[in-house]
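# Analysis of the macromolecular model
Listed below, chain by chain, are the residues.
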Amino acid sequence: MNKLFFISEEVSNFLYADASSKNLTIINMGVALFHRNTSKFSSNTECIFRISQDGLLNLIPYMTKRIVYAPNLEVFKYFLMNKNIEVVDIPEAGLKQEIDNFSTGCFILAIKLPKGGKATSEDSEEPLVEGIVMHKFVKAVNMMVSRENVSGLHLRYLSKEEREGVAKLFDLENNK
């Protein structure tokens, strides 16, 4: 199995209702939560699966480990604008220390956003949470996000000038 998928309870009930008649032909269903980690670096990781960016928002409410929060939007954007980052270059000392303490493997960089959309480190009533799947190596971190998902994150959080500045780095030259 290379991927683990999430489906809602309603979809699960629908599938069980068809179990005896077997009229459904299912090719694919749900949202991918985990992908098998087939990287040449995966032998040093704690888990053979990594989190999928597509299913991230379904997992964040349950995560207590291997998740760090950016203190503000500027730090979050720094990660969005850099594909590979040396740990020593992370601009915020507390975040740098948290990431440096992780063992090799997948982790989540998240930010809390109030319903209005501006980033904050304060605990508002019901903050929205945005996240990026990252991979920690010994001395560096990099994004584990598809080109399409990177493009969507860039459109939501970066200005036109910032998107144009990093388009080539992320192979997004047609999506300025």
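Residues numbered from 1 in each chain as written. Predicted model: local features only at pLDDT ≥ 70, side-chain atom pairs only at ≥ 80, totals over all residues. Heavy atoms only, no water.

The chain is annotated in an unreviewed UniProt entry as RNA cytosine-C(5)-methyltransferase NSUN2-like pre-PUA domain-containing protein from Halteria grandinella.

A few words on the side chain of K136. By the element assignment, K136 lies in strand β7 (residues 128-136). In this structure the side chain of K136 is engaged in a polar contact, spanning 3.5 Å, whose partner is the backbone oxygen of V138. Other than its neighbours up to four places away in sequence, K136 contacts V87, I99, D100, F102, S103, T104, G105, F107 and V141. (Helix = DSSP H or I, 4+ residues; strand = E, 2+ residues; numbered from the N terminus. Polar contact = N/O pair within 3.5 Å; in protein donor to acceptor, adjacent residues only side chain to side chain. Contact = heavy atoms within 4.5 Å.)

Further remarks concern the nonpolar core. Counting 29 residues, the largest nonpolar core has F79, L109 and I132 as its most contacted members. For F79, the contacting residues outside a window of four places in its chain are I85, I90, L95, I99, L109, I132, M134, V141 and M143. Among the nonpolar cores identified, the runner-up in size contains eleven residues, and I51, L56, I67 and I108 belong to it. (Core = buried A, V, L, I, M, F, W, Y, C linked by side-chain atoms within 4.5 Å. Buried < 20%, exposed > 50% of the residue type's maximum accessible area, 1.4 Å probe, protein only.)

With that settled, consider the sheet that holds strand β5 (residues 84-86). If you trace the five strands from one edge of the open sheet to the other, you get β4-β6-β7-β8-β5, paired in mixed fashion. In this open sheet, the two edge strands, each paired with only one partner strand, are β4 (67-69) and β5. Looking at each pair of strands side by side, their axes are set apart by 35° on average, direction ignored. Alignment of β4 against strand β6 (residues 105-113), held across three bridges, turns out to be parallel. (Pairing = 2+ DSSP bridges. Axes fitted to C-alpha atoms, helices over the stretch in contact; angles between N-to-C directions.)

Bringing the side chain of E130 into the picture now. When you line up the elements, E130 lands in strand β7. Relative accessible area serves as the criterion here: at 11%, E130 is assigned to the buried category. Only 3.2 Å separates the side chain of E130 from the side chain of R156, close enough to count as a polar contact. Side chain to side chain, E130 and Y157 meet in a polar contact 2.9 Å long. In contact with E130, not counting residues within four places along its chain, are F76, L109, A110, I111, L113, L153, R156 and Y157.

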